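The primary structure of each chain is shown beneath.
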2 protein chains.
Amino acid sequence: MTNIDYYFDYAAATPLDERVFEAMRPFLFDDFFNPSSPYEPAVAVRRKYLAAKHQLAQTFGASGDELVMTAGATESINLAVGSFPGHKVAPTSEHKSVLEATKRNDHTLVQVDKHGHVTPQDIVSAVREDTELVSVALANHEIGSIQPIRSIAQELEIVRATRREQGNARPLLFHCDASQGFGLLDINVGRLGVDLLTLNSAKIYGPKQMGLLWIKPGVVLQPQIVGGGQERGLRSGTENVAGVVGFSAAAARATQKRSHEFDRMIVLRGRLEQRLKEALPGAIFSGHPKHRLANFCHVSFPNIDAERLVFLLEMKQVYVATSSACAANSGTRSTVLTAIGMEDTVADGSIRLTLGRHTTEASVEYAADQLIAAVKGEIKRTGVAT
Amino acid sequence: MTNIDYYFDYAAATPLDERVFEAMRPFLFDDFFNPSSPYEPAVAVRRKYLAAKHQLAQTFGASGDELVMTAGATESINLAVGSFPGHKVAPTSEHKSVLEATKRNDHTLVQVDKHGHVTPQDIVSAVREDTELVSVALANHEIGSIQPIRSIAQELEIVRATRREQGNARPLLFHCDASQGFGLLDINVGRLGVDLLTLNSAKIYGPKQMGLLWIKPGVVLQPQIVGGGQERGLRSGTENVAGVVGFSAAAARATQKRSHEFDRMIVLRGRLEQRLKEALPGAIFSGHPKHRLANFCHVSFPNIDAERLVFLLEMKQVYVATSSACAANSGTRSTVLTAIGMEDTVADGSIRLTLGRHTTEASVEYAADQLIAAVKGEIKRTGVAT
């Protein structure tokens, strides 16, 4: 039995909220009907499906009919980015799903600073006459830095105005991958000023394999998956009713808990970093000092092997990430740490601790104890200076 | 509360098997970890994920590493068909997901006979020098006719041999959508002789939003969804561990129950059709007289409005389909019924009853009573001859 108290990898996965599951349960068993079937119980399921979509959309200032439900953020990102064959712009610090989707066509990657921050000016400088899409994550998945989405949107609006004057009718769309941060940031598509927004249920204690793409009214996308014509023809396949109901319930819970959780995370993460700084003066903390997700702690111990730390910590039931989970298996160095200019000897000693609903003061103290002991042990064992 | 006893739309959706859910449950809550995370409990989840894939593959004579797990049959079909930009061949009776994916490029649709059957000869005649993929469903989703997959595979092997002699190096692959029939037919990829096989969990009392594409070793596909590189790089996105475990458990249950369920369906469907034939001599039954899924009953009442029948039956808690559920909302006539040459006045009076695990003798008798009464009532009300 795993002790969730010492789980520090909420950015990689969250357990399903029991109450969210209770909302989903009827649609697994009694109300299992295909929402496209013609008889009354199936029509009722369709109504509940549409209502869940609408409630979900409202949590970020949108309307249910503006959503395409997908099997996760990666699919949403591929749908958004893949709809535009023209030139694209994205920061070098983006998640692999954005980078890989962007690299399928002509593109420019924009350098970020040492905090993983991209400036609106640098984005705009990379926009060419034939650029069709800019994609920037709301918050970085490894170091938690929050990008200036609204400012970028405003700059892009100026570019669009210029294009209109010049008679350039090419679309210039702004996609934001907001997979990280939905539970702690107050996300509103109107305020952000984006055209396309990706959200992920699996990061907010909702069901896994469930994401969405919000599409600003008027924006035209190309379907990747064709067939029965579900989701406005943009994503065919029988609707995931239980999944959408769960995503909606998870978003409602996240919205309700957001302010409380934000305050809690600030205190807990602050305590964690304070303990590490005091005990391990050589530790390097990454992420923007001000604009950073409240539950992210990214820390590097130069010349220490992060994989050894993961191993030492897991024996104490403390679970931390080395780099973005989905790249972890590939044996390659984190692209984010390269993007922020971190040296290899520092990057290889980097771990990410992300806090969540089950994290308590006691968990933080325990994890700090264990991490400090592990790093000190490694320093002693290897004789390196850190 | 819906009475599942009178549900006759198992081809559209099946309720989740409670025992399947119990197999999934740990991966929703305690073992929720991202299978790409580096610490031991996550590595254990990955092991269980791979084991579930392998057990699933073995139920149809394949190996776990030959599967790409998807969010359903439609995604699997799009991955298979979308991987080949060259000319494609498919019967006119295919599911919309195959038709729409096929129509994206140059293609030939092959006419089927009045039973929805396609001949290997007609398929081969449509294959050109530049044909790269042939896609034929194992069993039709509306009338249940089973296609001669093995014979088609053998004919295609002859075409490949000729191509090799002629120095034509173009691939010629055979994809089979076996979404319908997995629970009642003994499916084995080796015996079928196909290169690509689509299966769907939602039709076998497994979790919804879960499908797979089996890929014969050596066949090279192009990913649709890129990113973290999961599923051999062919389908990025965090793995749906609970979904795959559920699919695997559902396949095991289906395999175990297959022979018993097949025998039951033959008797129950036989009784249903017998009652309808006796009471309503004008009824027209569709689907191949011999090669037809044991749980499918497709029946047409000329000049009767099938939507009225659905409405009359739902008041008696009997639930039947008018045409394929995912096309039901579109207000268009079934492409399958057009493909088999059915006249509009007959097609518009067509319903599909598909039987399943909860169907009993009593359900069949009751449904037959209600359907006979509804049709007789409509004949009387409208004065039409049927």
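Asks: How would you sum up helix α8 (residues 241–279) of chain B? Please name residues and give values.
Replies: Its 39 residues give α8 of chain B an end-to-end C-alpha distance of only 50 Å, which falls more than 12% under 57 Å, the value for a rise of 1.5 Å per residue. The axis of α8 of chain B is deflected most strongly, by about 55°, at R258 of chain B.

Asks: Residues and numbers for the pairing of strand β1 (residues 67–70) of chain A, please.
Replies: All names here are of chain A. Residues L67 and M69 line one face of β1 and the alternating positions V68 and T70 line the opposite face, and both faces are buried. Looking at chain direction, β1 and strand β7 (residues 211–215) are connected through 4 bridges and run antiparallel. For L67, the partnering residue across the bridge sits in β7 and is W214.

Asks: Could you give an account of helix α6 (residues 149–166) of chain B, naming the residues involved and the relevant values?
Replies: Side chains three or four residues apart in an α-helix point the same way, a direct result of the helix having 3.6 residues per turn. Spanning 18 residues, α6 of chain B covers 26 Å between terminal C-alpha atoms, matching the ideal 26 Å at 1.5 Å per step. With its phi angle positive at about 75°, G167 of chain B sits one or two positions after the end of α6 of chain B.

Asks: Got a sec to walk through the nonpolar core? Specific residues and values, please.
Replies: Counting 217 residues, the largest nonpolar core has F60 and L197 of chain A together with F60 and L197 of chain B as its most contacted members. Excluding residues that lie within four positions of it along the chain, L197 of chain B makes contacts with F60, H175, C176, A178, I187, V189, L192, L212, L213 and W214 of chain B.

Asks: Tell me what's going on with the packing of aromatic side chains, and back it up with residues and numbers.
Replies: Centre-to-centre distance and the angle between the planes together describe a pair of aromatic rings. According to the stated counting rule, one finds 25 aromatic pairs over all chains in the structure shown. Geometrically, the ring pair formed by Y7 of chain A and Y10 of chain A is edge-to-face, given 5.0 Å between the ring centres and 70° between the ring planes. Pair check on accessibility: Y7 of chain A and Y10 of chain A agree, each one buried. When the ring of F33 of chain B is compared with that of Y39 of chain B, the centres are 6.0 Å apart and the planes differ by 80°; the resulting orientation is edge-to-face. Of the aromatic side chains, those joined through ring pairs into one cluster are Y7, Y10, Y205 and Y319 of chain A together with F32, F33 and Y39 of chain B. Looking at R357 of chain B, its charged tip hangs above the ring of Y205 of chain B, at a distance of 3.9 Å from the centre.

Asks: How would you explain the environment of D17 of chain B if you had to name every residue and give the values?
Replies: Residues and elements named next belong to chain B. Within the secondary structure, D17 is located in the segment before α1 (18–28). In this structure D17 comes out as buried when scored by relative accessible area, which is 9%. Taking the C-alpha atoms as reference, D17 lies 5.2 Å from Y205; in sequence the two are 188 residues apart. Those residues in contact with D17 that lie beyond four places of it in its chain are Y205, R253 and R357. Within polar-contact distance, the side chain of D17 engages the side chain of R357 at 3.0 Å.

Asks: Before we move on, can you summarise the interface of chain B and chain A with the specific residues and values?
Replies: Taken together, the 62 residues of chain B in the interface contact 62 residues of chain A. For the chain B and chain A pair, buried surface summed over both sides reaches about 5100 Å², with 59% attributable to carbon and sulfur atoms. If you sort the residues of chain B by the area they bury against chain A, F32, Y39 and Q209 of chain B come out on top, with a joint share of 14%. Viewed at the interface, chain A and chain B are joined by 0 salt bridges. Ranked by residue count, the leading element in the side of chain B that touches chain A is α1 of chain B, at 5 residues. When the residues that make up the side of chain B that touches chain A are grouped by side-chain class, the tally is 29 nonpolar, 19 polar and 14 charged.

Rules behind the numbers
Residues numbered from 1 in each chain as written. Chains lettered and ligands numbered in written order. Predicted model: local features only at pLDDT ≥ 70, side-chain atom pairs only at ≥ 80, totals over all residues. Heavy atoms only, no water. Helix = DSSP H or I, 4+ residues; strand = E, 2+ residues; numbered from the N terminus. Expected span 1.5 Å × (residues − 1). Bend = angle between axes of the 7 residues up to and from the residue. Buried < 20%, exposed > 50% of the residue type's maximum accessible area, 1.4 Å probe, protein only. Pairing = 2+ DSSP bridges. Core = buried A, V, L, I, M, F, W, Y, C linked by side-chain atoms within 4.5 Å. Contact = heavy atoms within 4.5 Å. Phe/Tyr/Trp six-rings, centres within 6.5 Å; stacked < 30°, edge-to-face > 60°. Lys NZ or Arg CZ within 6 Å of the ring centre and 35° of its normal. Polar contact = N/O pair within 3.5 Å; in protein donor to acceptor, adjacent residues only side chain to side chain. Buried area = accessible area lost by both parts, 1.4 Å probe. Salt bridge = Lys/Arg side-chain N within 4 Å of Asp/Glu carboxyl O. Nonpolar A, V, L, I, M, F, W, Y, C, P; charged D, E, K, R; others polar.

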